[in-house]
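# Coordinates in review
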Amino acid sequence: MRTLFLFLANLFITTALLAQDKPADAPQHMDDMDHRQHGGFMQGGMHHATAKGVKLEQKIDGHAIVVRIGPMNLPAHTTHMKMPQPPDLLWQIPINGWLLAYSPKLVDADGNVVPGRVLHHSAFWNENRADFLCPNKEEHIFGAGGELTNWAEVPGYGYRVQMGDKIRIETMVHNPTDTSYDNVYLEVTIPYQQAAGDARIQSVYPTWMDVKSCGNSGYDLPAGKTEQNGTVTLKYAGVLLGVGGHMHDYARQLVLEDATRKETVATLDAKVDDHGELLSMPTVLFLDQGGYKFAAGDVLKITATYDNTTGRLLRDGAMGIVVGYFVPADDAAMAVLRRQPAAHPMAGMSHDH
């Protein structure tokens, strides 16, 4: 149980730190733009120059897959809006089974460790599976921010994949430090379990419940106290193992309710400093009751409250996402989530088995 707690806590901490740059006061414009809009939760259609020569490689042994993205050159004191960003890259799943954990790190070409602060975020999206709450979205399976939190393995649980599944990887970098870094690589080590007759792995599904419902997550944050809410409808019965939250600076609270049953599922009070900077979001686990049980058709309501003390509107300054892992009562019913990914050009990928 402690392992499951650490795994969920790491998931929620990572999610809460995916976008910690200060929001812009007004839209920013650049030349040579790359417009990325794939319908994921975190993306807001931001424009960036495209970094050249960044590719994806993978190495696989009998226990783990290492996904490697780079090289990336990161000059000192460069924001994510001014930094040329890697294009979205495609990772093709080389196994039939379950992904069990994720361990990210940054290194240079010689293998020396690079500070995690230069990673703004990385997000893995399964193009072969729709999100079970928002079928118009791809399924978000992993994310990392500058804290490079390890997602620990949970015995008996895993994320089900099939050989050939296409995982789109979006990576954004910046460099707020005084040191420039050249030829930087993001490496993610992913242990796995092959599907076999003796495999006893229960599949979990990433759960993103957003105040913007099934649209893009970011929204403008007016000055003063505000409240934003949205709803999503569960089509499948099952249990939620636990929840955490993702908000931005000046956050106050996230609340998840089962509107159908008129029950408060969880209340997440944001921790901020004296200047309103977000420090952390709590987690709530339902392990002592075997998970929080939901019925098919339940309407879930998400409410985010902020107190923006700057006195001005912050463009794309807010998000309100409750995140967790869902275990369906009938895993076979989730097969309808599989789909064919849309065809689009991707940068090169090489394999090393």
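As the structure is a prediction and not an experimental result, all values here were calculated from the model. The numbering scheme is per chain: residues are counted from 1 as the chain's sequence reads. Side-chain atom pairs in this predicted model are given and counted only at pLDDT of 80 or more, local residue features only at pLDDT of at least 70, and totals for whole chains, interfaces and linings cover all residues. Side-chain calculation: all heavy atoms of the structure are included, whereas hydrogens and water are not.

Glancing now at the pairing of strand S3 (residues 55-60). Where burial is concerned, the two faces of S3 differ: the one with Leu-56, Gln-58 and Ile-60 is buried and the one with Lys-55, Glu-57 and Lys-59 is not. The pairing criterion is simple: DSSP has to find at least two bridges between the two strands. Here a strand is any run of E in DSSP of at least two residues, a helix any run of H or I of at least four, and the numbering for each starts at the N terminus. Sheet topology note: the S3/strand S4 (residues 64-74) ladder contains 6 bridges and is antiparallel. Looking at the pairing, Glu-57 lines up with Arg-68 of S4. The antiparallel hairpin formed by S3 and S4 contains 3 residues in its connecting segment. Accessible area is worked out with a 1.4 Å probe on protein chains only. A residue is then buried under 20% of its type maximum, exposed over 50%, and partly exposed in between.

Any two aromatic rings considered together are summarised by their centre-to-centre distance and by the angle between their planes. For this analysis, a ring pair means two rings from Phe, Tyr or Trp (six-membered ring only for Trp) whose centres lie within 6.5 Å, classed as stacked if their planes differ by under 30 degrees, edge-to-face if by over 60, and tilted for the remaining angles. Following the criterion strictly, the structure yields 8 aromatic pairs and no others. Between Phe-132 and Phe-326, the ring centres sit 4.8 Å apart and the planes meet at 20°, which makes this aromatic pair stacked. Placement of the pair is Phe-132 in the loop between strand S8 (119-130) and strand S9 (138-144) and Phe-326 in strand S26 (residues 321-328), with a sequence separation of 194 residues. For the pair shown, Phe-132 and Phe-326 are each scored as buried. One aromatic cluster is present, formed by Trp-91, Tyr-102, Phe-124 and Phe-142 through successive ring pairs. A ring is considered to have a charge above it if a Lys NZ or an Arg CZ atom is located within 6 Å of its centre and within 35 degrees of its normal. Arg-68 extends its terminal NZ or CZ atom over the ring of Tyr-185, reaching a point 3.7 Å from the ring centre.

In this model, the protein carries an average pLDDT of 84, and 83% of its residues clear a pLDDT of 70 or more. Predicted confidence is poor over residues 12-41, with pLDDT under 50, and the contacts of this stretch with residues over four places away or in other chains come to 106 contacts. Here residues 347-351 scores under 50 on pLDDT; set against residues more than four positions off or in separate chains, the count is 14 contacts. pLDDT runs from 0 to 100 and stands for how confident the predictor is about each residue. Residues count as neighbours in contact if any of their non-hydrogen atoms are within 4.5 Å of one another.

Further remarks concern the nonpolar core. We call a set of buried Ala, Val, Leu, Ile, Met, Phe, Trp, Tyr and Cys residues a nonpolar core when their side-chain atoms join them within 4.5 Å. Ranked by size, the top nonpolar core spans 42 residues in total, and within it Trp-91, Leu-99, Tyr-102 and Phe-124 carry the most contacts. For this core, the element with the most residues is strand S12 (residues 181-194), which contributes 6 residues. Once residues lying within four places of it in the same chain are set aside, the contact partners of Phe-124 are Trp-91, Glu-139, His-140, Ile-141, Phe-142, Ile-167, Arg-168, Ile-169, Val-188 and Ile-190. Leu-221, Leu-234, Ile-302 and Met-334 belong to the second largest nonpolar core, which has 37 residues in total.

Turning our eyes to something else, we now look at the state of the cysteines. In what follows, a disulfide is any cysteine sulfur pair within 2.5 Å. Overall, the coordinates contain 1 disulfide when judged by the stated rule. Two residues share a disulfide in this structure: Cys-134 and Cys-214, whose sulfurs sit 2.0 Å from each other. Measuring the twist about the S-S bond at about -75°, one finds the Cys-134-Cys-214 disulfide to be left-handed. Residue Cys-134 is located in the loop between S8 and S9, and its partner Cys-214 is located in the loop between strand S14 (205-210) and strand S15 (219-221); the two are separated by 80 residues in the primary sequence. For Cys-214, a relative accessible area of 24% translates into the label partly exposed.

As a further point, take the pattern of salt bridges. We define a salt bridge as a side-chain nitrogen of Lys or Arg found within 4 Å of a carboxyl oxygen belonging to Asp or Glu. Under the counting rule described, the total for this entry stands at 13 salt bridges. Among the salt bridges present, the one from Arg-168 reaches Glu-138, with a minimum N-O distance of 2.5 Å. Pair noted here: Arg-168 is in strand S11 (residues 166-173) and Glu-138 is in strand S9, with a separation of 30 residues, a long-range link. Each of the two residues, Arg-168 as well as Glu-138, counts as buried. Between Arg-338 and Asp-165 there is a salt bridge whose closest N-O contact spans 2.6 Å. Taken together, the residues span a long stretch of sequence, with Arg-338 in the loop between S26 and strand S27 (349-352) and Asp-165 in the loop between strand S10 (157-161) and S11 at a distance of 173 residues. A residue is classified by how much of its surface remains accessible, and Arg-338, at 31% relative accessible area, is partly exposed. On the accessibility criterion, Asp-165 (1% relative accessible area) is buried.

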